[in-house]
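Understanding the architecture of this molecule
Below, each chain spelled out in residue letters.
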Amino acid sequence: MEDIRKGKGDWEWFVKARFGLFIHWGLYSLPARHEWVRNFEEIPNEIYDEKYFTRFNPDLYNPEEWAKIAKKAGMKYAVITTKHHEGFCLWDSKLTDYKATNTPAKRDLLREFVDAFRKEGFKIGFYYSLIDWHHPHFTIDRYHPLRNHPEKEKLNKNRDMSKYREYLHGQIKELLTEFGKIDIMWLDFSYPGPDGKGKDDWDSENLVKMIRELQPHILINNRLDLEDEWDFITPEQCVPNKWPEINGKKVIWESCQTFSGSWGYHRDEATWREPEELIKTLIDCVSKGGNLLLNVGPTSRGEFDYRARERLEKIGEWMYYHSDSIYGCTQAPEEFKTPKDCRLTYNPEKNRLYVHIFSWPYKFLFLEGNAYKEKVIYAQLLNDKSEIKIGLDEWHRKQLGDIDGICLVLPPFKPKVAVPVIELFLK
Ligand code: GLC
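Below is a summary of the structure that appears in this document. Predicted model, so just to flag it, every value in this text is computed and none were measured.

Calculation criteria
Residues numbered from 1 in each chain as written. Predicted model: local features only at pLDDT ≥ 70, side-chain atom pairs only at ≥ 80, totals over all residues. Heavy atoms only, no water. Pairing = 2+ DSSP bridges. Helix = DSSP H or I, 4+ residues; strand = E, 2+ residues; numbered from the N terminus. Salt bridge = Lys/Arg side-chain N within 4 Å of Asp/Glu carboxyl O. Buried < 20%, exposed > 50% of the residue type's maximum accessible area, 1.4 Å probe, protein only. Core = buried A, V, L, I, M, F, W, Y, C linked by side-chain atoms within 4.5 Å. Contact = heavy atoms within 4.5 Å. Expected span 1.5 Å × (residues − 1).

What follows deals with the sheet that holds strand β16 (residues 405–409). Spatially, three strands are ordered β13-β16-β15 in an open sheet, and the strand pairing comes out antiparallel. One side of each edge strand has no neighbouring strand; the edge strands of this open sheet are β13 (364–368) and β15 (389–390).

Structure below.
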């Protein structure tokens, strides 16, 4: 871990946890056609509020149930949208009326969330949108729902970003003083340049200072438009091709991804990913030293959609048998070459290597190179801990010749798990 760039917060738990739940939940769960619906359809406050704010009533909301589902899936931390770009707040903020307590929900939904997830042992992360399409002083820029308003310039004359800034800092202060220990502050997002917003608009430097003063252990993401004041980076909807580095140092990273093409609940979106591919994505992240933050967009009734539940269940089935190759694991030492169609992860404390077989080969898996030859002392399938023999029998050796490395003798058919894993004990 020496060659990793560390930020200022407590990062050890984070890189061990590897798998988190992202939750995007707000008024946009009612239109149910993307959390950016206000932007896409250029909806002004009056209409949005009249339609959705007055009707937000999550009658089935049960965060304990959410926490149980997430725990079963193998997730260790949860990051929730306390406020998304639409500006609506899930908690009882003293700085606005635009909050859950004033909807038919009539209560602080964030507090219930925090209590329930803490009870199940989760670390807690707060997503907070720097962008705010509802606040009267947030100036109309290129992403704002009123960007094509004929009197945009005139409207902007009455808007004062410094007032918004004060609001933003005040709200974050509330979030970090009223909910106990918060482990991650996930701020979203900056888009500097013409008609955009960046560090000066948010006063990012002082914001970070305040956050670290209030909760010194907290991890802050990298979307504040600051060069260096962050703990981890956040590739979105992708996995980097290798462990990302900045100035020659590997960085702590977390890929955030959705099950389908939307973060907020989207009823009609149909590009839902297959559980096996999602599991492979998690493995892929860990094999490059990263985390996966997988998102659910609950419905307006406060439930996880059946498609999300199905997938989380499948991931959980795999994690039940294989979490040893995820928790506490990271990229394998370079001397171990990744075998064909596989991903490697490594647990430095246990000194064990995990070979994830993405495509099941017939009979033999070749692990090439001296490192395997010199260091592997025992191999087993992780799902049932049954021995995997090492080495070819004479008859095959004669046909295949000597190999550079070692050969694992696999069962003739793929074990009944989404992605089989072989655990290698090392010298
Ligand atoms: C983007 C989107 C947003 C989503 C976020 C998650 O920045 O604006 O809707 O919350 O990504 O990373």
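So, about the pattern of salt bridges. Counting across every chain of the model gives 35 salt bridges. Close ionic contact of Lys16 with Glu349 constitutes a salt bridge, the shortest N to O distance being 3.3 Å. A residue pair is termed long-range when its members are at least 10 positions apart, and Lys16 in helix α1 (residues 12–17) and Glu349 in the loop between β11 (342–347) and β12 (352–357) qualify at 333 residues. Classification of Glu349 by relative accessible area gives exposed; the value is 67%. Between Asp141 and Lys197 there is a salt bridge whose closest N-O contact spans 2.7 Å. In this pair, Asp141 is assigned in the loop between β4 (123–129) and α6 (152–157) and Lys197 in the loop between β5 (184–188) and α8 (199–202), connecting sequence segments 56 residues apart. The two residues Asp141 and Lys197 agree in class, both being buried. In this structure, a network of salt bridges that share partners links the residues Lys8, Arg212, Glu229 and Asp231.

The mixed open sheet is built from three strands, whose spatial order is β1-β8-β7. Strand pairing shows two members of the sheet lacking a second neighbour, β1 (4–5) and β7 (245–246), which therefore form its edges. For β7 and strand β8 (residues 249–251), the ladder comprises two bridges, and the chain directions are antiparallel. Within the sheet, the bridge partner assigned to Ile246 lies in β8 and is Lys249.

What follows covers the side chain of His144. As for its placement among the helices and strands, His144 is situated in the loop between β4 and α6. Relative accessible area serves as the criterion here: at 1%, His144 is assigned to the buried category.

Bringing the nonpolar core into the picture now. In this structure, Phe117, Phe126, Tyr128, Ile172 and Trp202 are the most contacted members of the largest nonpolar core, which totals 112 residues. Not counting chain neighbours up to four residues away, the residues in contact with Phe117 comprise Leu21, Pro63, Trp66, Ala67, Ala70, Ala78, Phe122 and Ile124. Judged by nonpolar contacts, the second largest core, of 23 residues, contains Leu344, Tyr346, Ile357 and Ala371.

Backbone phi values are negative for most residues with the exception of glycine, while trans is the configuration of most peptide bonds. Here Asp188 and Phe189 are connected by a cis peptide whose omega angle stands at -15°. Counting through the fold element by element, Phe189 comes out in the loop between β5 and α8. Notably, Arg18 is not glycine yet its phi reads approximately 65°, a positive angle. In this structure, Arg18 sits in the loop between α1 and β2 (19–23). On the accessibility criterion, Arg18 (1% relative accessible area) is buried.

This brings us to helix α10 (residues 275–287). With 13 residues, α10 extends 18 Å between its outermost C-alpha atoms, agreeing within 8% with the 18 Å of an ideal straight helix rising 1.5 Å per residue. Among the 13 residues of α10, eleven are classified as buried, and the element is accordingly described as predominantly covered. For α10, every residue scored as buried is listed here: Pro275, Leu278, Ile279, Lys280, Thr281, Leu282, Ile283, Asp284, Cys285, Val286 and Ser287. Contacts made by the buried residues of α10 are with β2, β9 (253–258), β10 (290–296), α11 (306–322), β11 and β12. Among the residues trailing α10, Gly289 stands out with phi positive, at a value near 80°.

Let's shift gears to the side chain of Ser325. Summarising the element assignment, Ser325 is placed in the loop between α11 and β11. Of the residues examined, Ser325 reaches a relative accessible area of 0% and is grouped as buried. With sequence-adjacent residues up to four places away left out, Ser325 is seen in contact with Val286, Trp318, Thr345, Tyr354, His356, Leu382 and Val421.

The values are spatial; any link to function lies outside them.
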